[in-house]
Amino acid sequence: MSHDSAAAPEAAARKLSGRRRKEIVAVLLFSGGPIFESSIPLSVFGIDRQDAGVPRYRLLVCAGEEGPLRTTGGLELTAPQGLEAISRAGTVVVPAWRSITSPPPEEALDALRRAHEEGARIVGLCTGAFVLAAAGLLDGRPATTHWMYAPTLAKRYPSVHVDPRELFVDDGDVLTSAGTAAGIDLCLHIVRTDHGNEAAGALARRLVVPPRRSGGQERYLDRSLPEEIGADPLAEVVAWALEHLHEQFDVETLAARAYMSRRTFDRRFRSLTGSAPLQWLITQRVLQAQRLLETSDYSVDEVAGRCGFRSPVALRGHFRRQLGSSPAAYRAAYRARRPQGDRQPDQDTASAARPLPPSDPPATLPPETAVPFQSRRTAAPLPAGTASVPGQRSAP
């Protein structure tokens, strides 16, 4: 799943100033950055594949700080260029940052701000989004990062509209991606934007990856709480919700347990988790359904009841929106990959599978509609002749 903003035509119309050239891509590396993420833009933009029909980019590998730059496994890298080389790039990619809790070097942030002011396209892969946020380039914009770090990004930079569901977000002149392999998705998207579907498809074949992936990060999310929420009073409410997913309750119930108004609860919850409470609750119910489909023989109707959905129809709608498949098809595909004898119920499943209490009638759920990500811009239509990809969101 991707979010392509209508800002794309606007960004395309921006003129590069000074010595900047559209075909020049600068990759900004820092010490401590993981080698896999760092290598993605080097491979996509730094290898000549014109024989396969992929237009060539000119790559500049730039050190964002004094070297040598240490990376995964203790390897040391020496970048051939420094920050001054960014002044020639039409695209600047920050593939990763070493720590989500430490500030990037101010000199590198200044170089990124200047590049953006001069019309360059700025790209942050995975934790590279934290560098873009520190530079102020994500203020008021939609963005994503690795789902595990999305709550921290939302908390540290509250003016950024963080969506942990997306594989990548294209907001025209500033683009961000989710973790690791999603960086490949975004780089392919850039090639597709610059040179069309045929060039991106040829590159995807060389990389032995799909040209477009459907779905988003939802299928990879787990139900663990962000470290930041552990000592917060809301942690107890969130833990209660996770333990009672088999019951029907709404966000008003959670707000009451936190002794807060709904508005205050929504604001506090979003600041801690990076997600709206209703969307978070729906996602947790879908994840629980996913586990039951994998580890039990309950029918889809029974799974819906044991995950707190009002009806199987509600489960099917949310499941398809988040995972790109119906519950029945997901179970069939999962069992085709894994022999039945290997399935073992886990503690979460056992907890969710206990009989539903027959006493007091359940609280009324809010309308079971997914809460779409609200961007400050509407999505751009697909180019004529471009097929829509199942699970890919272009507009809310």
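Residues numbered from 1 in each chain as written. Predicted model: local features only at pLDDT ≥ 70, side-chain atom pairs only at ≥ 80, totals over all residues. Heavy atoms only, no water.

## Considering the overall build of the protein chain
So, step 1. Along the protein chain, the regular secondary structure elements total 15 helices and eleven strands.
So, step 2. Burial statistics for the protein chain: of 396 residues in total, 53% are counted as buried.
So, step 3. Of the contacts formed within the protein chain by residues at least 6 apart in sequence, a portion of 71% connects residues at least 24 apart.
So, step 4. Accessible area of the protein chain: about 17,900 Å², with a carbon and sulfur share of 53%. (Helix = DSSP H or I, 4+ residues; strand = E, 2+ residues; numbered from the N terminus. Buried < 20%, exposed > 50% of the residue type's maximum accessible area, 1.4 Å probe, protein only. Contact = heavy atoms within 4.5 Å. Areas by Shrake-Rupley, 256 points an atom, 1.4 Å probe, with all protein chains shown as cover.)

## A word on the packing of helix H11 (residues 277–295) against helix H13 (residues 312–323)
So, step 1. At a closest axis distance of 10 Å, the pairing of H11 and H13 adopts a crossing angle of 95°. Considering the angle they form, H11 stands roughly perpendicular to H13. When H11 is examined against H13, the residues Gln279, Ile282, Thr283, Val286, Ala289, Gln290 and Leu293 are found in contact with a partner set consisting of Leu315, His318, Phe319, Gln322 and Leu323.
So, step 2. For the contact of H11 with H13, the per-class residue count stands at seven nonpolar, five polar and no charged. (Axes fitted to C-alpha atoms, helices over the stretch in contact; angles between N-to-C directions. Parallel < 35°, antiparallel > 145°, perpendicular 65-115°, else oblique. Nonpolar A, V, L, I, M, F, W, Y, C, P; charged D, E, K, R; others polar.)

## Quick look at the packing of aromatic side chains
So, step 1. One pass over the structure, following the stated rule, counts seven aromatic pairs.
So, step 2. When the ring of tyrosine 330 is compared with that of tyrosine 334, the centres are 6.5 Å apart and the planes differ by 20°; the resulting orientation is stacked. Here tyrosine 330 and its partner tyrosine 334 are both found in helix H14 (residues 327–337), four residues apart, which amounts to about one turn of the helix. The burial state of tyrosine 330 is the same as that of tyrosine 334; both residues are buried.
So, step 3. Pairwise contacts between aromatic rings join Phe265, Phe269 and Trp280 into one cluster.
So, step 4. The positively charged end of arginine 285 is found above the aromatic ring belonging to phenylalanine 249, 4.7 Å away from the centroid.
So, step 5. The aromatic ring of tyrosine 298 is capped on one face by arginine 306, whose charged end is 4.4 Å from the ring centroid. (Phe/Tyr/Trp six-rings, centres within 6.5 Å; stacked < 30°, edge-to-face > 60°. Lys NZ or Arg CZ within 6 Å of the ring centre and 35° of its normal.)

## Comments concerning the environment of serine 311
So, step 1. With respect to the helices and strands, the residue serine 311 is situated in the loop between helix H12 (300–306) and H13.
So, step 2. Serine 311 sits eleven residues away from valine 300 along the chain, and the two C-alpha atoms are 9.9 Å apart.

## Describing the pairing of strand E6 (residues 89–94)
So, step 1. Along E6, six of the six residues are buried, which leaves the element largely enclosed by surrounding structure.
So, step 2. Note that strand E2 (residues 21–29) and E6 share four bridges and pair parallel. Bridge pairing in E6 places arginine 21 opposite alanine 89.
So, step 3. As defined by bridge partners, E6 adjoins strand E7 (residues 121–124) across four bridges and the pair is classed as parallel. Paired with valine 94 across the strands is glycine 124, a residue of E7.
So, step 4. Regarding the hand of the β-α-β motif, the stretch spanning E6, helix H3 (residues 106–117) and E7 is right-handed. (Pairing = 2+ DSSP bridges. Right-handed = clockwise from strand over helix to strand, strands pointing away.)

## Notes on the pattern of salt bridges
So, step 1. Scanning the entire structure with this criterion turns up 15 salt bridges.
So, step 2. Across the pair arginine 98 and glutamate 65 runs a salt bridge, and its minimum N-O distance is 2.6 Å. Within this pair, whereas arginine 98 is found in the loop between E6 and H3, its partner glutamate 65 is found in the loop between strand E3 (58–63) and strand E4 (69–70), the two being separated by 33 residues in sequence.
So, step 3. The partner of arginine 113 in a salt bridge is aspartate 110, and the shortest N-O contact between them spans 2.6 Å. Within this pair, arginine 113 and its partner aspartate 110 are both found in helix H3, separated by three residues, close to a single helical turn.
So, step 4. Among the residues examined, arginine 113 registers a relative accessible area of 24% and is labelled partly exposed.
So, step 5. Exposure remark for aspartate 110: the relative accessible area of 34% places this residue in the partly exposed category.
So, step 6. Each of Glu106, Asp110 and Arg113 takes part in a single network of salt bridges with overlapping partners. (Salt bridge = Lys/Arg side-chain N within 4 Å of Asp/Glu carboxyl O.)

## A look at the confidence of the model for the protein chain
So, step 1. Per-residue pLDDT for the protein chain has a mean of 80; in total, 76% of the residues score no lower than 70.
So, step 2. Predicted confidence is poor over residues 6–12, with pLDDT under 50, and the contacts of this stretch with residues over four places away or in other chains come to ten contacts.
So, step 3. Taken together, the stretch residues 343–396 has pLDDT below 50 and engages in 112 contacts with residues farther than four places along the chain or on a different chain. (pLDDT = per-residue confidence, 0-100.)

## Concerning the nonpolar core
A general feature of soluble globular proteins is that nonpolar side chains tend to end up buried together.
So, step 1. Formed by 36 residues in total, the largest nonpolar core has its most connected members in Leu28, Ile86, Leu112, Ile122 and Leu138.
So, step 2. Counting only elements with at least two residues in this core, the list comes to E2, E3, E6, H3, helix H4 (128–134) and helix H5 (150–156).
So, step 3. For leucine 28, the contacting residues outside a window of four places in its chain are Cys62, Ala63, Gly64, Leu83, Ile86, Val93, Val94, Pro95, Ala108 and Leu112.
So, step 4. Counting 34 residues, the second largest nonpolar core, distinct from the first, contains Leu234, Leu281, Leu293 and Phe309. (Core = buried A, V, L, I, M, F, W, Y, C linked by side-chain atoms within 4.5 Å.)

## Some words on helix H6 (residues 182–195)
So, step 1. Taking 1.5 Å per residue as the helical rise, H6 with its 14 residues ought to reach 20 Å, and the 20 Å between its terminal C-alpha atoms agrees with that figure.
So, step 2. The buried count for H6 comes to twelve of 14 residues, which makes it a mostly enclosed element.
So, step 3. Within H6, burial applies to Ala182, Gly183, Ile184, Asp185, Leu186, Cys187, Leu188, His189, Ile190, Val191, Arg192 and Asp194. (Expected span 1.5 Å × (residues − 1).)

## Side note on the environment of aspartate 173
So, step 1. Assignment of secondary structure puts aspartate 173 in the loop between strand E10 (168–170) and strand E11 (174–177).
So, step 2. Residues aspartate 173 and arginine 121 lie 52 residues apart in sequence; the distance between their C-alpha atoms is 4.7 Å.
So, step 3. Of the polar contacts made by the side chain of aspartate 173, one reaches the side chain of histidine 116; its length is 2.8 Å. (Polar contact = N/O pair within 3.5 Å; in protein donor to acceptor, adjacent residues only side chain to side chain.)

## Some words on the environment of alanine 276
So, step 1. Along the chain, alanine 276 turns up in the loop between helix H10 (262–273) and H11.
So, step 2. The exposure class of alanine 276 is buried, given its relative accessible area of 15%.
So, step 3. Taking the C-alpha atoms as reference points, alanine 276 and aspartate 266, ten residues apart in sequence, are found 6.5 Å from one another.
So, step 4. Discounting residues that sit within four places of it in the chain, alanine 276 has contacts with Phe269 and Arg270.

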